[in-house]
Amino acid sequence: MASPAFEEIAETFDFLDDWEERYRHVIELGKALPALDDALKVPATKVEGCASQVWLMPRIAGTGPGAVFDFEGASDAMIVQGLIALLHALYAGLTVAEVGAIDAKAELGRLGLNEHLSSQRSNGLAAMVERIRKLAAEAAAA
């Protein structure tokens, strides 16, 4: 089940008539994210497989499967920054065990993203989801 924040985004998308409006909304969501400290933009936080520069920094409170997942992220591309905001809405506040149970492709598909992202963007989005799932799985096992 998606977070309330993601459900709110999905409801907003239902009201936006065309993809250009949705695209603008995704960019606005990205602009609203707090900036990632430049000191955290290092190889260890960089997501490989993205055409743009992308960094994800996990913020996990607690230990084991019940630890609460959160992350900070940044990209040098506005639309990708927006995709990071969507993923943040989807995953932040869940336990690390719940993160692994989310079907990100299906949830993001509800927004109609699959048909409107280039294959490079789709691959980058998949790489970000994979990184998030890996970070959560590592935290759950700790």
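Remember, predicted model here, so these are calculated numbers, not experimental data.

## As for the pairing of strand β2 (residues 68–75)
Part 1 of the reasoning: Bridging between strand β1 (residues 54–61) and β2 involves 8 bridges; their strand directions are antiparallel. Residue pairing across strands places M57 opposite E72, the latter belonging to β2.

## Topic: helix α1 (residues 4–15)
Part 1 of the reasoning: The terminal C-alpha atoms of α1, which comprises 12 residues, lie 17 Å apart, in line with the 16 Å expected from a rise of 1.5 Å per residue.
Part 2 of the reasoning: Buried within α1 are the following residues: F6, I9, A10 and F13. An end-on view of α1 places all buried positions within 100° of arc, on one side of the element. Relative to its buried face, α1 has exposed residues pointing more than 90 degrees away, namely P4, E8, D14 and F15.
Part 3 of the reasoning: Buried residues in α1 make contact with α2 (19–32), α3 (78–91) and α5 (104–109).

## A closer look at the side chain of R131
Part 1 of the reasoning: Residue placement: R131 occurs in helix α6 (residues 119–141).
Part 2 of the reasoning: In this structure, R131 is buried with no salt-bridge partner, the nearest side chain bearing the opposite charge being E48 at 6.2 Å.
Part 3 of the reasoning: One polar contact links the side chain of R131 to the main-chain carbonyl oxygen of K46, over a distance of 2.6 Å.
Part 4 of the reasoning: Apart from the residues within four sequence positions on either side, R131 is in contact with A44, T45, K46, V47 and L56.

## Notes on the side chain of Q81
Part 1 of the reasoning: Within the fold, Q81 resides in helix α3.
Part 2 of the reasoning: Of the residues examined, Q81 reaches a relative accessible area of 13% and is grouped as buried.
Part 3 of the reasoning: Residues contacting Q81, with those up to four places away along its chain left out, are G30, L33, G73, A74 and S75.

## So, the packing of α2 against α3
Part 1 of the reasoning: Where α2 contacts α3, the two axes come as close as 7 Å, and the packing angle between them is 75°. Viewed along their axes, α2 and α3 adopt a mutual orientation that is roughly perpendicular. The segment α2 lies against α3, with Y23, V26, I27, L29, G30 and K31 engaging M78, I79, Q81, G82, L83, A85 and L86.
Part 2 of the reasoning: For the contact of α2 with α3, the residue count by class is 9 nonpolar, 3 polar and 1 charged.

## Regarding the UniProt feature "domain: Fe-S metabolism associated" (unreviewed entry) in the chain
Part 1 of the reasoning: UniProt records the feature "domain: Fe-S metabolism associated" (unreviewed entry) for residues 11–134 in the present numbering.
Part 2 of the reasoning: From the first C-alpha to the last, residues 11–134 spans 29 Å; its make-up is 49% helix and 13% strand.

## A few points about the nonpolar core
In globular proteins that are soluble, nonpolar side chains generally tend to be buried together.
Part 1 of the reasoning: Counting residues in hydrophobic clusters, the biggest one holds 44 residues, and the most contacted among them are F69, L87, Y91, L111 and M128.
Part 2 of the reasoning: For this core, the secondary-structure elements that each account for two or more residues are α1, α2, β1, β2, α3, α4 (96–101), α5 and α6.
Part 3 of the reasoning: Broken down by element, the residue count for this core peaks at 10 residues, all from α3.
Part 4 of the reasoning: Sequence-distant contacts of L111, that is, excluding residues within four places in its chain, are made with F6, I9, A10, F13, W19, R22 and L86.

Definitions and limits used
Residues numbered from 1 in each chain as written. Predicted model: local features only at pLDDT ≥ 70, side-chain atom pairs only at ≥ 80, totals over all residues. Heavy atoms only, no water. Pairing = 2+ DSSP bridges. Helix = DSSP H or I, 4+ residues; strand = E, 2+ residues; numbered from the N terminus. Expected span 1.5 Å × (residues − 1). Buried < 20%, exposed > 50% of the residue type's maximum accessible area, 1.4 Å probe, protein only. Arc of directions from axis to C-beta. Contact = heavy atoms within 4.5 Å. Lys, Arg positive; Asp, Glu negative; His and termini not counted. Salt bridge = Lys/Arg side-chain N within 4 Å of Asp/Glu carboxyl O. Polar contact = N/O pair within 3.5 Å; in protein donor to acceptor, adjacent residues only side chain to side chain. Axes fitted to C-alpha atoms, helices over the stretch in contact; angles between N-to-C directions. Parallel < 35°, antiparallel > 145°, perpendicular 65-115°, else oblique. Nonpolar A, V, L, I, M, F, W, Y, C, P; charged D, E, K, R; others polar. UniProt positions renumbered as here; feature names shortened; annotations may be inferred. Core = buried A, V, L, I, M, F, W, Y, C linked by side-chain atoms within 4.5 Å.

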